Amino acid sequence: MKSSYECVVIGGGPAGMAAAVAAKRNGIKDILIIEREKVLGGILNQCIHNGFGVHHFKEELTGPEYSSRMIDLVRAENIESLLDCMVLSVDTKDRTVHAISPEHGYLQIKAKAIVLAMGCRERTRGAIRIYGSRPSGVFTAGTAQRLMNIDGYMPGKKVVILGSGDIGLVMARRLTLEGAKVEMVVELMPYSNGLPRNTVECLYDYNIPLLLSHTVVQIHGKERVTGVTIAKVDENGRPIKETERFVDCDTLLLSVGLIPENEISRGAGVQLDPMTQGAIVGESYQTNVEGIFSCGNVLHVHDVVDFVTEESSVCGEGVARYIAKNLQNEITHKLTPGEGIRSIVPQTINLNNLNEKVKLYMRVKEISEKRAVVASIGDQIIAKKRDIKFLPAQTVTLELKKKDLLTAAGNEVVISVQ
Amino acid sequence: MFDICIIGAGIVGSAIAKELSKYQLHICWLEKGEDVSVGTTKANSGIIHGGYAAKHGTLKAKLCRRGNELYRQWVNDLHFPLDMIGAFVIGFNDEDKAVLQKLYENGIKNGVKDLQIVDGDFVRQKEPHLNPDITCALYVPSVGITSPYELAIALAENAITNGVELRLNSEVVAIEKEKDHFNITTHYTPLSVHFDYPKNIKAKMVINAAGLHADDVAQLVGLHDFKIHPRKGQYLLFDKDQGPLVNSVVFQTPTPISKGILVTPTYHRNLLIGPDAQDVLEKQDLATDASNLARVVETAKKTLSTFDLRKVITSFAGNRAASDRGDFIIEESKVDGFINVAGIESPGLTAAPAIAEYVIDILRNKGLAFTEKSDFKAHRKPYHHVALMNKEALNALIKESPNYGRIVCRCETVSEGEIDEALKRPVPIDTFDAIKRRTRAGMGRCQAGFCTPRILEILFDQLHMPIETISKNVKGSEIVIGRTKRALEEEK
């Protein structure tokens, strides 16, 4: 085990692997991926359904297939990985990663560049404050997914799912296929929070009701869940008392949002964007802390893994550029969410670091039809993309060309839905 | 034949067991729950009170102050969580100040020596985030915080190491008084791991420390002279980034209507607010609800307005064992040899060590011989906590047992080695929550989302029991229902 590397990547999921592969292909020889599990692949390994890779590999793959393609690339590039190892902190003074593993004990590994690719965690019952008793049978959807798909255990047989996030939808189908009865999916918002494809393929195809503008207000049961009280919510998302009703079930699955896992980033002084809850990054995915980069779900929660691979590859190129001392620090342009836009990644640009263009990943605030996302500097429109429908659950991408940024007068790019 | 049978393994039973284990006595200790500390002990504020609040002359007042002192001695041998961070009782006007003055005087009478009435500036210097309108406070440096279940576990482990025979999952269902002993019948409901416990126990004396159920147990020998009323208190627990908002325990000046809500860091530096007080019908009713907790939040905001409700990790409720007598009931009952230790509501956690001393006095007065054991082990080894260890210690530990290098709970940095260790300690545990209480795995912001499957695996490996028998806590709270492909097939 060496004690210093050119680049250390924290997290061996799709983001970490893509960043490492890209850095290697751009001339960085000395890369280490640190992964807490005993295998690379991250959360993809438990996503045994298909639908991955349509953009990136141009074919439909399952999660494990997608991850094994990435692992093959990591192997082919001879990138070193350290498995079963947990990173505890990053010390920015001497850019050192502190970690522990059963095999190596306490490790301190120096790096010229560090990529944060730790992924995200699920929002819990406590975080959305569902009250009631505290019996067994309340799971986050991802935990239930892991129990079923990796460990081979059934979490329950009569299930209510709160939240129409993609994992919740996929689990509704998975549980049904295993013989459980999914009573309903309950969603606080007046629209589904998952991809339209998942709403159709996982719920409608199995006759699972989706109750919009509803929530779970109370959990019942002493030992095991015996039921939940659900209620309709008003336009402010507050439960309407008169609409409360009891639903008999033994399991409640929560698919109520993902939170980028940025404890290490915070400890390292990385500035976070309150909208994405991930780092504020430049066009090369560099953070405000010198030599520290961030990509994947720890940066912002993605809806499709193909975008993770794409953005992480740009991050890896940025790392290579940084190590070769070709990455400029200054910010030439700032990206500001305008009307209808919730978040934009990356948040800043240095034109000199761009080859030809920069791709932006955005989330809209609400559903809209036959609109366009428009990027403008002052009065000048520099990019525009029409779509039939924009959904909060779906990433919107937009490319800005370097030459357009160069010629427009001003350094604040405002993106809005028009 | 046992010399003594202790019923109940909350903090009171644990303190009594620990104190009695010093002597040459044959002691059986029965607990209905799956672990020690699983009743009132596991869900309260975790405060080691100063002793100024309980009315002078009551047992509560006397035993609270003594308990506070004893914990500070016991911690040296038993290494339980204890941090004497001090407390403020805050006031906003002259009316409050008058109440604080009364508390001060009561405290002095109770033997609390370090009390001070201070002004708002003094408070703000120590607690810059509190309400700027605070004008006065009672400052009590000798108030501490603990982790109540870890505290009870520490005492229980020491008791067991010194020969006390603890039987978990053993509910007392009948007690018959014979001439010189009691016949005690238990109902044993094992979870994953089964022990060969005899159903009937003979003991010369019984100590009833059954907490919320002390009246039910007393009734088994025909005693009907007190009632325990469950009084529910609800809490909100916040993530650790909210912990630094307060440095000490902050109470509000009690009014005739309300005792106020406390705001405190926990021993592990989360932020805790609560509890309210609500009489409930059912002893097992531990449900939280939105309207009560909304009031808790509103009241707490009077103390500290800047906590972030989005950082709530969990809500929980505990039931206090309030009696109809108002004070602690610690006495030999009308049934010879049957000692009641009941109605131990706040400050019961603080008073527990002194309650144990008091019980020993009762037994001594009855003529029980207390001969000290020559091989008594006063010391109890603390658990390893990877999160708190330095690099050198950690390296040495991982070299010896590599599992300490494998983190299974990422929020609280808990290793597989710590879980292995918890399973090897004196209290024979086999549930999730028991592991959580000892190691903190699952206590963090992801609330066991990440570690649940891993802990299931470890329990499976260590206990060799089918995974579908592994419970969250009580029987019926199993985590999974069986294998995929099989669990629901078999049912058809």
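All values derive from a computational prediction rather than experimental measurement. (Residues numbered from 1 in each chain as written. Chains lettered and ligands numbered in written order. Predicted model: local features only at pLDDT ≥ 70, side-chain atom pairs only at ≥ 80, totals over all residues.)

1. A look at the domain arrangement of chain B
All names here are of chain B.
Step number 1: As assigned here, chain B comprises domain 1 (2–41 + 148–227 + 325–365), domain 2 (87–141 + 228–320) and domain 3 (386–469).
Step number 2: Centre-to-centre, using C-alpha coordinates, domain 1 lies 29 Å away from domain 3.
Step number 3: Counting from both sides, the interface comprises 15 residues of domain 1 and, opposite them, 13 residues of domain 3.
Step number 4: Of the residues forming the side of domain 1 that touches domain 3, the biggest block, 7 residues, is contributed by helix H5 (residues 148–161). (Domains from an automatic or database assignment. Contact = placed C-beta atoms within 7 Å. Helix = DSSP H or I, 4+ residues; strand = E, 2+ residues; numbered from the N terminus.)

2. Brief notes about the sheet that holds strand S23 (residues 341–345) of chain A
Residue and element names in this part refer to chain A.
Step number 1: Across the sheet, which stays open at both edges, the 3 strands sit in the order S23-S25-S28 with antiparallel pairing between neighbours. Each of the sheet's edge strands pairs with one partner strand only, and the pair in question is S23 and strand S28 (396–401). Geometrically, the sheet is characterised by an average inter-axis angle of 30 degrees between neighbouring strands, direction not taken into account.
Step number 2: Relative to strand S25 (residues 357–364), S23 runs antiparallel, the two sharing 4 bridges. Bridge pairing in S25 links Ile344 to Met362. (Pairing = 2+ DSSP bridges. Axes fitted to C-alpha atoms, helices over the stretch in contact; angles between N-to-C directions.)

3. Topic: the interface of chain B and chain A
Step number 1: Facing the 45 residues of chain B at the interface are 42 residues of chain A.
Step number 2: Among the elements of the structure, helix H7 (290–303), strand S17 (312–323), helix H9 (391–400), helix H12 (452–463) and strand S22 (482–483) of chain B are those that each provide at least two residues to the side of chain B that touches chain A.
Step number 3: Residues that form the side of chain B that touches chain A fall into these classes: 21 nonpolar, 15 polar and 9 charged.
Step number 4: Examined bridge by bridge, strand S12 (residues 153–154) of chain A and S22 of chain B share 2 bridges and lie antiparallel to one another. Bridging from a neighbouring strand, Met154 of chain A pairs with Gly482 of chain B of S22 of chain B. (Nonpolar A, V, L, I, M, F, W, Y, C, P; charged D, E, K, R; others polar.)

4. Focus: the sheet that holds strand S27 (residues 380–390) of chain A
For sheets, the rule is that strands pair by backbone hydrogen bonds, running either parallel or antiparallel.
Residues and elements named next belong to chain A.
Step number 1: One open sheet accounts for 5 strands, arranged S24-S22-S29-S26-S27; its pairing is mixed. Strands at the two margins of the open sheet, each flanked by one partner only, are strand S24 (348–349) and S27.
Step number 2: When strand S26 (residues 368–377) meets strand S29 (residues 412–417), the two strands line up antiparallel, connected through 5 bridges. Note that in S29 the partner of Ala375 across the bridge is Ile415.

5. Remarks on the nonpolar core
Step number 1: Cys7, Ile10, Ala19, Val115 and Val319 of chain A together with Cys5 and Ile355 of chain B are the most contacted members of the largest nonpolar core, which has 280 residues in total.
Step number 2: It is H5 of chain B that provides the largest number of residues to this core, a total of 9 residues.
Step number 3: Residue contacts for Val115 of chain A: discarding those within four places in its chain leaves Cys7, Val9, Ile10, Gly16, Ala19, Phe293, Cys295, Cys315 and Val319 of chain A. (Core = buried A, V, L, I, M, F, W, Y, C linked by C-beta atoms within 7 Å. Buried ≥ 20, exposed ≤ 12 C-beta atoms within 10 Å, placed from the backbone.)

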